[in-house]
Amino acid sequence: MSHIQALADAYRQGHHRVSAEVTTRLATIQHHDPTIQAFLSVQADLAMAHAQELDQRFQKGDTLPLLAGIPVAIKDNIHIKGRHTTCASKILASYTAPYDATVSGHLHAQGAIVMGKTNMDEFAMGSSTEQSAFQTTRNPRDVTRVPGGSSGGSAAAVAADMVVAALGSDTGGSIRQPAAFCGVVGLKPTYGRVSRYGLVAFASSLDQIGPLTHTVEDAAILLDAISGFDPMDSTSSNRPATRCYDGLRADIRGMRIGVPAELLGDTIDPAVKESVIAALDQLATHGASWEPFSMPALNAAVSTYYIIAPAEASSNLARFDGVRYGYRHPNGSTVKDMIATSRGHGFGDEVKRRIIIGTYVLSAGYYDAYYHQAQRVRRAISQQFQAAFATYDLIVTPTAPTTAFELGAHDRDPLGMYVADIATIPVNMAGLPAISIPCRPAPSGLPIGLQLIAPAFEEQRLLNAALLHQTLSMPTTQKEKP
Amino acid sequence: MVSPVIGIEIHAQLKTTTKLFCGCLTQFGDPPNTHVCPVCTGSPGALPVLNKQAVRYAIMAGLALNGRIQPVSVFARKNYFYPDLPKGYQISQYDRPIVLGGWVDIPSDGGLKRIGITRIHIEEDAGKLLHQGSDTIAGSSHSIVDLNRASTPLIEIVTEPDIRSASEARWVVERIRETLVHLGICDGNMEEGSLRADINVSIREDDTAPFGTRCEIKNVNSFRSIERAIHIEMSRQAALLAKGEAVIQQTRQYDEATQTTRTLRDKEESHDYRYFPDPDLTPLVIESSWIEAIKTALPEQAAHRRVRYKAVGLSDFETDVLLADPQACRYLDTVADAGIPHPIAAKWIVGDLNAHIKDRGHTFANSAVPPAYLVELLTAIMQGTLSGKLGKSVLSACFETGESPQQIIAKTGQTQVSDEGELSSMVGQICAQHPDVVAKVKAGKGGAIQFLMGQVMKETKGRANPDMVKGLLEAHLNTLNTPI
């Protein structure tokens, strides 16, 4: 059931007004966000003005796009011209975006109402949103727990009904893992499917923007809205925007599903494992078949990721030097000093940790042993996915090994948090599309995410299978109509 | 006696309309930071898109310098912090450049010497720092960053260490500059920095000894300073070795004012640039059909032009002057195509025309005297209706007025008098007026005939055809049988 379609119909039939919708969402934000802290900034006035303008146009009977009047949130590493983009970092605390990200332009052109910018781990580095320099977002399902990350603000904003949908970015699982932790749908498109222009880069070869929504249909609508070739992004695929929403069929008959044994072993929480297997068995009763298989390269995925992503990040974040924009420490007596102290004070610990790792692995004498070797492993992971897709139509895994953990659980153990990305990281390494959808919750009541992975540019297959799963598990995921 | 081993890295600014990775104009001399955008100022989230014209120019350079264009090359990031480098890295090419191999021929002992080229790669330029209160960052109160130049396209051409003297080094830079300028892809202005050379110098006992430790000299920004800087650096290294000290691998800065080189940084201080492939750019794939199309459309190359000019009889001096300016070459070729022999056209173009153009701050492309005017002028001289001397004053008048030689000649009546009847009667009159001089000539004082010729010239205001006057005078004098 598409929440977006329901709202769009109501606007067009005159049952509902955009301004009423926005007022409700603002009230929800006002009521819940002091606890949840999903937003870094909310633009109530702009949202209301936009809503009123759209109401007038609906009244006049204008033909408007499907997204017109739909309240959305955008992760604070994606530019909206004239508004702050902080990346949840002190170094960009007062930075105003000089231009629109391509995706923001698409959403704006289609009439979506941006309610605000959401919290995240600083520069998208983290899996809990605890690395934000400004605030700690809480999981709406259990406020003692993290919402996941790094797109934790976007996931929480959707889960708490503050918005209908949100954009996040996913470098190693940053859309899918918070979607799993918060019990919503999170889609990471194929690398190159969605333009990265205007997304503040973390690791350029892995980053991809995607939607977080309540339903599979809504994920399809958002993907259709933001995808397509962008001449401003050289890594953008030369393909038109998707038309996945129109193509949705809840059908999985004849599909062969492979499940990597490496992601169904002892590292996975038993409750998560049971829920995933239950979901697979349910799909099997509707015409699909599944079996475990082995993808040995997955064992090296996390360590490989923590070479490639920091290497790219160390270079991508070099531009934050206090010279042209962003935080500049007042005490620098020389240029070198100014740059060093600005970065030293402007970046948080996790960001500095990764810059240092990345600088190290690219250094003369270490490049071959680390970065070059990591690229070879990355190719091996891609090849093993390719081989698997010769046999299977889809690969299914748990999205995360556990349910949402408690705030502060990994404070003294950053590496423990790194390992939690084992199921999502390989997908970014291979540039594939994947979706996390809620499956049967744990006995504790906490959400669990089922991850579906498809071959490159097969988002339609991914969404069709996800839609069937959603239909079968309707009682647990269907939300009340707004 | 020490013998140097020299290799050169040339950075040449490509004359593209827009920058290497964005649509900003590559225009210089405008107010600071007026040709900038999110991409070339390193705004977060901005991404590079490669300029195809820059790639075409790099391919042209590769072809003209006899290199192998690589079907796949890769852009890499060179990471270092400096306030004029907006992204904290320069996008360059590292282990997979666009061109490998090649050579350039330079004059040597009356023949040619072939200097190897290792590679050519594409990279972006940095911005410019304007230090306030000092020439260097160290002594300044503060510095201002101008990013108009940031991300303009460069090619770096790296030679093999095949160069064995300061004058060879100068020839290499001159010939490479000439090649790029004739391709129309670079201004080649060393003083303004559109062509910059870094020179690696080491010395050794003799030509068979192994290479010594090299130093890289930067800030060499004229042809003259190339030779000077190398001599100074050779002496410095020789003095060290004579004292029993070792040359340390360094980057050194040449100082034109003091005629010295000084340490910029030691090898230990040299940056670890942490090169890695730029993930924002896909590998650069070049189809062989594109290379062929570029090859077919290449303008005449400098080396070919040089051979051609020599073959039609131009002097080395004329050839060098002409080759320094491709517009002058095109001017010459246009004039020659209209039927004027190359040597005659070249003499005028290198001489009077060049002087006028320089004096007036014109160029050969926008000269007040276009090739068609020079053709008119030289045709008149070749037909004998205008003397060379008159031609010079007609040319001046053309520059003054912007009128064509025919218009000037018509206005001032400055055609040569070649009318036999007119000149013949004038000769008769002059001889009658100067019987004493005639007598001297008849007495065998041949030099006295010059006086009579001078009188005819005076009478015609210098317009008489001198050869004709001389013939007529001799004939007239023979008819006079003055008794002695």
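A separate point is the overall build of chain B. Scanning chain B for helices and strands turns up 15 helices and 17 strands. Computed over its C-alpha atoms, the radius of gyration of chain B comes to 31 Å, more than 25% above the 23 Å expected for a compact globule of 484 residues. If you line up chain B on its principal axes, its C-alpha atoms span 100 × 55 × 50 Å. Considering chain B as a whole, with its 484 residues, one finds that 40% of them fall into the buried category. Considering only contacts in chain B between residues 6 or more positions apart, those separated by 24 or more positions represent 69%.

We now examine the interface of chain A and chain B. With 32 residues of chain A in contact, the opposing surface of chain B contributes 27 residues. Of all the secondary-structure elements, those providing two or more residues to the side of chain A that touches chain B are α10 (301–316) and α11 (335–346) of chain A.

What follows concerns the sheet that holds strand β1 (residues 39–42) of chain A. Residues and elements named next belong to chain A. Pairing in this open sheet of eleven strands is mixed, and the strands run β1-β3-β2-β4-β6-β5-β10-β11-β9-β7-β8 from one edge to the other. Where the open sheet ends on each side, the last strands, each with one partner, are β1 and β8 (289–293). The sheet shows a mean angle of 25° between the axes of neighbouring strands, direction not considered. The pairing of strand β10 (residues 434–439) with strand β11 (residues 448–453) spans six bridges and is antiparallel. Its bridge partner lying in β11, Cys-439 is registered against Ile-448.

It is worth spelling out the domain arrangement of chain B at this point. Once the domains are mapped, chain B shows domain 1 (3–289), domain 2 (300–412) and domain 3 (420–479). The straight-line distance from the C-alpha centre of domain 2 of chain B to that of domain 3 of chain B is 34 Å.

Before going further, it helps to spend a moment on unusual backbone geometry. Residue and element names in this part refer to chain A. Looking along the chain, the bond that leaves Gly-149 and enters Ser-150 is cis, with omega of 10°. On the secondary structure map, Ser-150 appears in the loop between β3 (113–118) and α5 (152–159). Phi is positive for Gln-37, close to 55°, though the residue is something other than glycine. Residue position: Gln-37 is located in the loop between α2 (18–36) and β1. Of note in this structure, Asp-161 is not a glycine but carries a positive phi near 60°. In this structure Asp-161 comes out as partly exposed when scored by C-beta crowding, with 19 C-beta atoms within 10 Å.

Counting residues in each nonpolar core, the largest one holds 220 residues, and the members touching the most others are Val-72 and Leu-452 of chain A together with Ala-58, Ala-61 and Ile-199 of chain B. If you tally residues by element for this core, the top one is helix α2 (residues 166–183) of chain B, at nine residues. Excluding its chain neighbours within four sequence positions, the residues that come into contact with Ala-58 of chain B are Ile-98, Val-99, Ile-120, Ile-122 and Ile-155 of chain B. Residues Tyr-309, Cys-329, Trp-348 and Leu-353 of chain B belong to the second largest nonpolar core, which totals 34 residues.

Right, let's get into the domain arrangement of chain A. All names here are of chain A. For chain A, the domain assignment lists domain 1 (3–256 + 404–477), domain 2 (258–295 + 378–391) and domain 3 (299–373). Using C-alpha coordinates to define each centre, domain 1 is positioned 25 Å away from domain 2. Opposite the 21 residues of domain 1 that make contact, domain 2 presents 21 residues. Of the residues assigned to the side of domain 1 that touches domain 2, the class counts are 16 nonpolar, two polar and three charged.

Detailed reading of the predicted coordinates is not advisable wherever pLDDT falls low. In this model, chain A carries a mean pLDDT of 96, and residues with pLDDT of at least 70 account for 98%. Scored below 50 in pLDDT, residues 476–482 of chain A makes ten contacts in the model with residues more than four places away or belonging to other chains.

Residues and elements named next belong to chain B. Within the open sheet, the three strands sit side by side as β5-β4-β16. Their pairing is antiparallel. With partners counted over all chains shown, the strands left at the sheet margins are β5 (89–93) and β16 (276–277), one partner each. As paired elements, strand β4 (residues 75–79) and β16 share two bridges and run antiparallel to each other. Its bridge partner being in β16, Arg-77 is matched across the sheet by Phe-276.

Pairing between strand β7 (residues 103–108) of chain B and strand β8 (residues 111–124) of chain B: six bridges, direction antiparallel. Note that in β8 of chain B the partner of Ser-108 of chain B across the bridge is Gly-111 of chain B.

With that settled, consider the environment of Ile-232 of chain B. Residues and elements named next belong to chain B. By the element assignment, Ile-232 lies in helix α3 (residues 223–242). On the basis of neighbour count, Ile-232 is assigned to the buried category, with 21 C-beta atoms found within 10 Å. For Ile-232 and Gly-111, which are 121 residues apart along the polypeptide, the C-alpha to C-alpha distance reads 27 Å. Setting aside residues up to four positions removed in sequence, Ile-232 forms contacts with Gln-259, Thr-260 and Thr-261.

So, on to the environment of Gly-45 of chain B. Topologically, Gly-45 of chain B is positioned in the loop between β1 (3–13) and α1 (52–64). Take Gly-45 of chain B: there are 21 C-beta atoms within 10 Å of it, and that puts it in the buried class. The residues touching Gly-45 of chain B, leaving out its near neighbours within four places in the chain, are His-79, Ala-101, Tyr-197, Gly-198, Leu-199, Val-200 and Ala-201 of chain A.

Thresholds, definitions, all that
- Residues numbered from 1 in each chain as written.
- Chains lettered and ligands numbered in written order.
- Predicted model: local features only at pLDDT ≥ 70, side-chain atom pairs only at ≥ 80, totals over all residues.
- Helix = DSSP H or I, 4+ residues; strand = E, 2+ residues; numbered from the N terminus.
- Rg over C-alpha atoms; globule rule 2.2 N^0.38 Å.
- Buried ≥ 20, exposed ≤ 12 C-beta atoms within 10 Å, placed from the backbone.
- Contact = placed C-beta atoms within 7 Å.
- Pairing = 2+ DSSP bridges.
- Axes fitted to C-alpha atoms, helices over the stretch in contact; angles between N-to-C directions.
- Domains from an automatic or database assignment.
- Core = buried A, V, L, I, M, F, W, Y, C linked by C-beta atoms within 7 Å.
- Nonpolar A, V, L, I, M, F, W, Y, C, P; charged D, E, K, R; others polar.
- pLDDT = per-residue confidence, 0-100.

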